[in-house]
Amino acid sequence: MTAPSSAAGRPDGPDRHDGPDRHDGPDRHDGPDRPGISGRPDGTDGTDGFPPPRPAYDIHTWKEIAHLLLNLPTTVFGFVYAITVLSVGGGLAVTVIGLPLLALSLLGARQLGKLERARARALLGVRVEEPSPLPLARGGGLLQRAWMALKDPVGWRTLLYDVIRLPWGILTFCTVLTSLFVLWPVLPYLARGLANVDRAMVRALLSPSDELERRIAELESDRGVVVDTAAADLRRIERDLHDGAQARLVNLAMGLGLAKEKLLEDPDTAAEMVAEAHGEVKLALQELRDLARGIHPAVLTDRGLDAALSSVAARCTVPVKVTVDLADRPAAAIEGIAYFTVSELLQNVSKHSAARSASVDVWRTADRLLIQVHDDGRGGAVLDGGTGMRGLADRLGAVDGLFVVDSPVGGPTEVTAELPWRDREK
């Protein structure tokens, strides 16, 4: 009968040392999952269960904690400012200085909002666009500027932000300060949740209306484009008049003056000079007609886009098929832009495309007027290629239109223009 192992059920004495290579004992076994032999770096005994919480206090967590601790002084200052200006400005509204004081207070609230956006940007990583500045320089007199400040939604939203955040600032400060000593294992998660509420408040009350701001920026840009385009058109008309019809009329006046002097002395020479003057008159009239057509062609006013675009296509050096499918005529401004767009594109076809044929299609879809010009030329057209397409894109963009060029190298080229439809006034 075999004796039981000396290691079974017997405690080791103080002088006994079991090394890592000891394998005796009935309940000991070697396996790939044996703790100690598997070499676990955490020093655990290998029992199943969740690891101890190890929250990561990284730089982002410390920034959130700093933001939450700063909530108390900033919200107290903002609350005192908001309550003071509202009570004083509202109480003095019946006097002369009340409303101007409130207007100045709203301008000051704008600056507080700017500081809060900067704090959120630096500590919370919230990218909030700055609202457009008030156009006080264009506001006219003092009363108009004060009224503009009083109507400023950004200032009023900032005051609302400062008022409602006082309880929140106290709560976050006390919670985070206490958690630094008591709940530090879960503080990163708690700070993240509280900081997300702060992020939501900043986006809701301190961020401008994205759509409104985008629209304002577009309108300001479009206004500049319209002004620049009108100035360029005026310069072009002045240059054409000075270099063309005006020069011919000056030559005509000089020729008729010389003919008048020769009329009695040499009638034959005077008759020849009058004949030359008659030719100059015809050329001057033709240049004036071309200039008037460039400003606004009479055929467009009288007969609409179909006839006007057919007239443009007839002057193109490439055979052009024109298809206009419009039940009604658009507004005169939209009609004029559509005409000059097609005219410019067909000029590009004549000069640069080396095409054999082209087509123009115009139709209406819902509240949009669509224009498509296609040619089978060599392609390679780009907006910034020096063919005037950038100017066309800017002109269409000024009226909420679109301009798309699809012109791979080797062709074909297809240009699509889209304009807003506005009904023609009867």
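Residues numbered from 1 in each chain as written. Predicted model: local features only at pLDDT ≥ 70, side-chain atom pairs only at ≥ 80, totals over all residues. Heavy atoms only, no water.

A. Geometry of the overall build of the chain. Counting its secondary structure elements, the chain contains eleven helices and five strands. When burial is assessed residue by residue, the chain has 31% of its 426 residues classed as buried. A fraction of 68% describes how many contacts in the chain between residues 6 or more apart in sequence connect residues 24 or more apart. Working note: accessible area of the chain is about 26100 Å², and carbon and sulfur atoms make up 61% of it. (Helix = DSSP H or I, 4+ residues; strand = E, 2+ residues; numbered from the N terminus. Buried < 20%, exposed > 50% of the residue type's maximum accessible area, 1.4 Å probe, protein only. Contact = heavy atoms within 4.5 Å. Areas by Shrake-Rupley, 256 points an atom, 1.4 Å probe, with all protein chains shown as cover.)

B. View of the nonpolar core. Among the nonpolar cores identified, the biggest contains 33 residues, and Leu346, Ile371, Phe403 and Leu419 are the most heavily contacted of them. The set of elements that each furnish at least two residues to this core consists of α9 (305-315), α10 (332-353), β2 (358-365), β3 (368-375), α11 (389-397) and β5 (413-420). Excluding residues within four positions of it along the chain, leucine 419 makes contact with Ile334, Ile337, Ala338, Asp367, Arg368, Leu369, Ile371, Leu396, Val399 and Gly401. Trp168, Leu187, Met201 and Leu205 belong to the second-largest nonpolar core, a separate cluster that totals 17 residues. (Core = buried A, V, L, I, M, F, W, Y, C linked by side-chain atoms within 4.5 Å.)

C. Quick peek at the pairing of β2. Relative to β2, strand β1 (residues 320-325) runs parallel, the two being bridged by six bridges. When the bridges of β2 are listed, valine 322 appears paired with valine 360. As for the winding sense of the linkage, the β-α-β connection from β1 through α10 to β2 is left-handed. Both β2 and β3 contribute to a ladder of eight bridges, which runs antiparallel. (Pairing = 2+ DSSP bridges. Right-handed = clockwise from strand over helix to strand, strands pointing away.)

D. Molecular detail of the sheet that holds strand β4 (residues 402-406). An order of β1-β2-β3-β5-β4 is seen for the five strands of this open sheet, with the pairing classed as mixed. Looking at the sheet topology across the chains shown, the edges are occupied by β1 and β4. Geometrically, the sheet is characterised by an average inter-axis angle of 10° between neighbouring strands, direction not taken into account. α9 contacts β1 and β2 of the sheet and is inclined by roughly 170° relative to β1. (Axes fitted to C-alpha atoms, helices over the stretch in contact; angles between N-to-C directions.)

E. How the structure looks around the environment of glycine 257. Tracing the chain through its elements places glycine 257 in helix α6 (residues 210-265). By relative accessible area, glycine 257 is classed as partly exposed at 32%. The sequence separation of glycine 257 and valine 274 amounts to 17 residues, and the corresponding C-alpha distance is 9.8 Å.

F. How the structure looks around the side chain of glutamate 64. Here glutamate 64 shows up in helix α1 (residues 59-91). The class of glutamate 64 is buried, set by a relative accessible area of 2%. Apart from the residues lying within four places of it in its own chain, the contact partners of glutamate 64 are Leu123, Leu124, Ala191, Arg192, Ala195 and Arg199.

G. A look at the packing of aromatic side chains. This model, assessed by the stated rule, comprises one aromatic pair. Aromatic side chains tyrosine 339 and phenylalanine 340 sit 5.2 Å apart centroid to centroid with 80° between the ring planes, which places their arrangement in the edge-to-face category. (Phe/Tyr/Trp six-rings, centres within 6.5 Å; stacked < 30°, edge-to-face > 60°.)

H. Looking closely at the environment of arginine 390. As for its position among the elements, arginine 390 is in helix α11. Distance in space between the C-alpha atoms of arginine 390 and phenylalanine 403 is 9.2 Å, their sequence separation being 13 residues.

I. Structural detail: helix α4 (residues 153-179). Along its 27 residues, α4 runs 38 Å from first to last C-alpha, staying within 8% of the 39 Å computed at 1.5 Å per residue. Considering bend angle alone, the principal kink of α4 is centred on arginine 165 and spans about 45°; proline proline 167 follows within four residues of it. The opening residue of α4 is aspartate 152, an N-cap whose side-chain oxygen sits 3.2 Å from the backbone nitrogen of valine 154. (Expected span 1.5 Å × (residues − 1). Bend = angle between axes of the 7 residues up to and from the residue. Polar contact = N/O pair within 3.5 Å; in protein donor to acceptor, adjacent residues only side chain to side chain.)

J. Up close: a nonpolar patch on the surface. On the surface, a nonpolar cluster with roughly 640 Å² of combined accessible area is contributed by Leu177, Phe181, Val182, Leu183, Val186 and Tyr189. The residue leucine 183 is located in the loop between α4 and α5 (187-206) in this model. (Patch = residues over 30% accessible without salt bridge, like charges linked within 9 Å, V, L, I, M, F, W, Y side chains within 5 Å. Salt bridge = Lys/Arg side-chain N within 4 Å of Asp/Glu carboxyl O.)

K. Layout of the pattern of salt bridges. If you walk through the whole model with that rule in mind, you get ten salt bridges. Where glutamate 130 meets arginine 121, a salt bridge forms, and the shortest distance between an N and an O atom there is 3.7 Å. What makes glutamate 130 partly exposed here is its relative accessible area of 33%. The class for arginine 121 is partly exposed, based on a relative accessible area of 26%. Put simply, arginine 368 and glutamate 418 hold a salt bridge, and the shortest N to O gap is 2.7 Å. Placement of arginine 368 in strand β3 and of glutamate 418 in strand β5 is noted, with a sequence separation of 50 residues between them. Look at the salt bridges and you will find they share partners, linking Glu64, Arg192 and Arg199 into a network.

L. Unusual backbone geometry, seen in detail. A cis amide bond links glycine 411 with the next residue in sequence, proline 412, at an omega value of -5°. You can see proline 412 is positioned in the loop between β4 and β5. Positive phi, normally seen in glycine, also occurs at alanine 354, with a value near 55°. Relative to the helices and strands, alanine 354 is located in the loop between α10 and β2. Even without being glycine, alanine 366 reaches a positive phi, approximately 55°. The topology assignment puts alanine 366 in the loop between β2 and β3.

M. Structural context of the side chain of threonine 75. Its place among the elements puts threonine 75 in helix α1. In this structure the side chain of threonine 75 is engaged in a polar contact, spanning 2.4 Å, whose partner is the backbone oxygen of asparagine 71. Polar contacts involving the side chain of threonine 75 include one to the main-chain carbonyl oxygen of leucine 72, which spans 3.1 Å.

That's the geometry; what it means functionally is another story.
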